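Single-letter residue listing:
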Amino acid sequence: MAFAKPQATLRSATGIPTGRLAVWWLLASEVVIFGGVLGSYLMHRLGHPEWAEAASHTNTWIGAFNTLVLLTSSFTAVLAHQAAEKGDGKKAAGFLVLTMGGALTFLCVKSYEWTVEILEGFTIQSNTFWSFYYTAAGLHALHVIAGAIIMGIVAADAYRGRELQRVELIGIYWHFVDVVWIFLFPLLYIAK
Amino acid sequence: MAEHHDEHGQHDAHDVNYKKIYFTLLGLLVVSVVGPFFGILWVTLVTAFGIAVVKATLVIQNFMHLRWEKRIMKWVLTTSVVLMALFMAGVSADVLNHEGNNWENIAAQAAVERGLAAMAGEVVVVEEEVEPVEAGFNPPSTFNLVCGSCHGAAGDGTGAAGLALNPRPANFTDPAFWATRDMARIVNVITNGAASVGGSPLMVGWSASFTPEQIQELADYVATFRPGA
């Protein structure tokens with residue numbers, strides 16, 4: 001596209017490239033968003049022993065498998081960054097496509113999981129545990145979807161050798177989504 | 001942790017063995033799944049949550065490269081985490097406890113009681129229907145707690161939460177109110193909500209929270225606001 005680059009993009013007053021600064025800044029706000037949801041969940045969970053019954057219906061194996069998927073996609077995302085640092089846009093794009101495959105797998109597994117649970121009668125309105133469950137995992141899934149879409153755009157550019165610095169930026173965001181899941185997994189699937 | 005500053009704000013190739021970090025993460029995942037099977041509380045806490053912190057740290061430091069980032073960014077992120085902790089510290093006393101010296105969270109206590117009874121019901125003999133919470137019920141204080149937020153502690157319809165409502169919450173001290181009401185209707189509205197008689201849906205029914213006797217007592221208390229009562 002034929003936009004002139006905004007001047008801010010070329011500046012780096014903090015010593016951090018502007019794009020990376022923006023991603024960190026975004027993540028600082030995400031910490032508060034996810035921290036708020038997870039912190040509220042944790043406090044309610046500790047105050048409500050009866051949630052153990054609802055929590056016992058979540059499927060640990062599905063949660064563990066999705067953790068494996070996200071950890072693996074983080075690995076391919078960092079390999080994409082490594083390739084981009086070496087100036088190999090094609091290879092970086094390849095690793096980003098693999099990462100998007102991870103996102104897709106994660107979402108398919110999640111769809112299956114939610115379908116089973118909803119058909120069993122556990123909906124977002126069943127009780128407060130399930131409200132938290134669908135809200136926290138749903139908000140996370142939206143981040144997965146957004147990340148995968150942006151990754152597609154970055155990969156398309158990287159394949160042509162353009163804007164290679166963005167490979168790192170989408171990677172940092174993606175690792176954050178991974179970190180959120182690392183905490184969601186024990187909170188929703190293991191603490192029974 | 002060795003910090004390495006480069007002058008251009010760009011990363012050079014980092015000295016990280018990504019494959020090794022990845023396999024460490026997978027190993028930790030296995031531990032965090034297996035640990036809770038022992039059913040020992042502290043083992044579960046350490047393997048599930050302790051290891052989550054370790055995994056997150058590995059990802060943040062090595063994949064997100066935060067260890068090589070400028071210090072300002074570490075402080076910004078730390079600030080977010082500290083604000084989170086402050087939020088939790090501030091509200092935890094009210095969320096984790098269901099009663100204090102001068103207050104009681106009746107809804108939360110009832111939820112725990114119902115839930116635990118339902119759990120027990122699965123294993124042991126089916127318990128009798130769970131009673132609505134009796135503890136702490138007395139008409140004036142329950143009115144202040146449950147009704148007063150909109151209707152006002154003095155029953156004059158000026159509670160803080162009701163000021164912006166349309167239609168306004170009923171004013172029990174207004175003779176015009178009593179011209180069209182009798183006790184049966186008041187009991188009915190408290191039980192089934194005002195929408196059942198064509199009133200505001202924001203005045204919900206309370207049959208799930210109080211027994212018919214308690215609702216009658218509340219209605220009697222409302223009648224004490226009637227001018228000349």
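Engineer: Describe the overall build of chain B, listing the residues and the values that go with them.
Structural biologist: Along chain B, the regular secondary structure elements total eight helices and zero strands. Moving toward the C terminus, one meets the helices and strands of chain B in the order α-α-α-α-α-α-α-α. Buried positions account for 18% of the 229 residues belonging to chain B. Of the contacts formed within chain B by residues at least 6 apart in sequence, a portion of 39% connects residues at least 24 apart.

Engineer: I'd like a rundown of the overall build of chain A, residues and numbers included.
Structural biologist: Of regular secondary structure, chain A possesses seven helices and zero strands. Sequence-ordered secondary structure for chain A, helices as α and strands as β, is α-α-α-α-α-α-α. The principal-axis extents of the C-alpha atoms in chain A amount to approximately 55 × 30 × 25 Å. The 192 residues of chain A split such that 43% are buried.

Engineer: Tell me about the nonpolar core, residues and numbers included.
Structural biologist: Counting 67 residues, the largest nonpolar core has Ala80, Ala92, Leu96, Ala158, Val167, Tyr173 and Val180 of chain A as its most contacted members. Elements with a contribution of two residues or more to this core: α2 (18–47), α3 (51–55), α4 (60–85), α5 (89–119), α6 (128–159) and α7 (165–190) of chain A together with α1 (18–34) and α2 (41–63) of chain B. The greatest single-element share of this core, amounting to 18 residues, is contributed by α7 of chain A. For valine 167 of chain A, the residues in contact, after removing those within four places along its chain, are Ala80, His81, Ala84, Ala92, Leu96, Val154 and Ala158 of chain A.

Engineer: Give me the packing of α2 of chain A against helix α3 (residues 71–96) of chain B: which residues, what numbers.
Structural biologist: Two numbers describe how α2 of chain A lies on α3 of chain B: the axes approach to 9 Å, and their chain directions differ by 20°. In terms of axis orientation, α2 of chain A runs roughly parallel to α3 of chain B. For α2 of chain A against α3 of chain B, the interelement crossing comes out right-handed. Contact with α2 of chain A, carried on its side by Trp24, Ala28, Val31, Val32, Gly35, Gly36, Gly39, Met43, His44, Leu46 and Gly47 of chain A, involves Met73, Val76, Leu77, Ser80, Val81, Leu83, Met84, Phe87, Met88, Ser92, Val95 and Leu96 of chain B of α3 of chain B and no other residues of that element. A class-by-class count of the residues in the contact of α2 of chain A with α3 of chain B yields 16 nonpolar, seven polar and no charged.

Engineer: Give a description of the environment of threonine 44 of chain B that names residues and reports values.
Structural biologist: All names here are of chain B. Here threonine 44 shows up in helix α2. Residue classification places threonine 44 among the buried residues on the basis of 20 C-beta atoms within 10 Å. When residues no more than four places from it in sequence are discounted, the contact partners of threonine 44 are Gly35 and Pro36.

Engineer: Run through the interface of chain B and chain A, naming residues and quoting values.
Structural biologist: Facing the 42 residues of chain B at the interface are 39 residues of chain A. Put simply, the parts of the chain that give the side of chain B that touches chain A at least two residues each are α1, α2, α3 and α4 (106–123) of chain B. Of all the elements, α3 of chain B adds the most residues to the side of chain B that touches chain A, at 13 residues. Counted by class, the side of chain B that touches chain A contains 32 nonpolar, eight polar and two charged residues.

Engineer: Please set out α2 of chain A residue by residue, giving values where relevant.
Structural biologist: An ideal rise of 1.5 Å per residue puts 44 Å on 30 residues; α2 of chain A measures up with 43 Å between its terminal C-alpha atoms. At glycine 35 of chain A, α2 of chain A shows its maximal kink, close to 25°. Buried residues of α2 of chain A: Arg20, Leu21, Val23, Trp24, Leu27, Val31, Phe34, Leu38 and Tyr41 of chain A, and no others. Where α2 of chain A is buried, its residues contact α6 and α7 of chain A together with α3 of chain B.

Engineer: Pulling in residues and values, what's your account of the environment of phenylalanine 38 of chain B?
Structural biologist: Residue and element names in this part refer to chain B. Residue placement: phenylalanine 38 occurs in the loop between α1 and α2. Given 11 C-beta atoms within a 10 Å radius, phenylalanine 38 is considered exposed. As for phenylalanine 38 and alanine 194, which are separated by 156 residues in sequence, their C-alpha atoms are 53 Å apart.

Engineer: Hey, could you go over helix α8 (residues 212–223) of chain B for me, with residue numbers and the actual values?
Structural biologist: Given 3.6 residues to a turn, an α-helix orients residues that are three or four positions apart in the same direction. All names here are of chain B. Spanning 12 residues, α8 covers 16 Å between terminal C-alpha atoms, matching the ideal 16 Å at 1.5 Å per step. Regarding α8, the residues found buried are Ile215, Leu218 and Val222. Considered in projection along α8, the buried side chains sweep an arc of 60° and stay on one side of the axis. For α8, the secondary structure elements touched by its buried residues are α5 (139–151) and α7 (183–192).

Engineer: Hey, could you go over the packing of α2 of chain A against α6 of chain A for me, with residue numbers and the actual values?
Structural biologist: All names here are of chain A. Between α2 and α6, the shortest axis-to-axis distance is 10 Å and the interhelical angle comes to 160°. Of the possible angle classes, the one that applies to α2 and α6 is roughly antiparallel. For the element pair α2 and α6, the recorded crossing hand is left-handed. Here Val37, Leu38, Tyr41 and His44 of α2 come into contact with α6, specifically with Thr128, Phe132, Thr135, Ala136 and Leu139.

Engineer: I'd love a proper account of the environment of isoleucine 106 of chain B, names of residues and values included.
Structural biologist: All names here are of chain B. As for its position among the elements, isoleucine 106 is in helix α4. Residue classification places isoleucine 106 among the buried positions, given that 20 C-beta atoms sit within 10 Å. For isoleucine 106 and glycine 136, which are 30 residues apart along the polypeptide, the C-alpha to C-alpha distance reads 8.4 Å.

Engineer: Lay out the confidence of the model for chain B in plain terms, naming residues and giving numbers.
Structural biologist: Residues and elements named next belong to chain B. Looking at chain B, the pLDDT average stands at 83 and 88% of residues meet or exceed 70. The secondary structure element of chain B with the lowest average pLDDT is α4, at 80, and the one with the highest is α1, at 93. Every residue in residues 1–11 is under pLDDT 50, and counting partners more than four places away or in other chains gives 11 contacts. Confidence estimates for the predicted assembly give a pTM of 0.71 and an ipTM of 0.90.

Engineer: An account of unusual backbone geometry is requested, with residue identities and associated values reported.
Structural biologist: What you tend to see is this: most non-glycine residues have negative phi, and most peptide bonds are trans. Cis geometry marks the peptide bond from asparagine 166 of chain B to proline 167 of chain B; its omega dihedral reads 0°. Following the sequence through the fold, proline 167 of chain B ends up in the loop between α5 and α6 (175–179). Even without a glycine there, the phi angle at glutamate 163 of chain A is positive, about 50°. The topology assignment puts glutamate 163 of chain A in the loop between α6 and α7. Even without glycine at this site, histidine 65 of chain B takes up a positive phi of about 60°. On the secondary structure map, histidine 65 of chain B appears in the loop between α2 and α3.

Reading the values: the criteria
- Residues numbered from 1 in each chain as written.
- Chains lettered and ligands numbered in written order.
- Predicted model: local features only at pLDDT ≥ 70, side-chain atom pairs only at ≥ 80, totals over all residues.
- Helix = DSSP H or I, 4+ residues; strand = E, 2+ residues; numbered from the N terminus.
- Buried ≥ 20, exposed ≤ 12 C-beta atoms within 10 Å, placed from the backbone.
- Contact = placed C-beta atoms within 7 Å.
- Core = buried A, V, L, I, M, F, W, Y, C linked by C-beta atoms within 7 Å.
- Axes fitted to C-alpha atoms, helices over the stretch in contact; angles between N-to-C directions.
- Parallel < 35°, antiparallel > 145°, perpendicular 65-115°, else oblique.
- Left-handed = near helix turned anticlockwise from the far one by under 90°.
- Nonpolar A, V, L, I, M, F, W, Y, C, P; charged D, E, K, R; others polar.
- Expected span 1.5 Å × (residues − 1).
- Bend = angle between axes of the 7 residues up to and from the residue.
- Arc of directions from axis to C-beta.
- pLDDT = per-residue confidence, 0-100.

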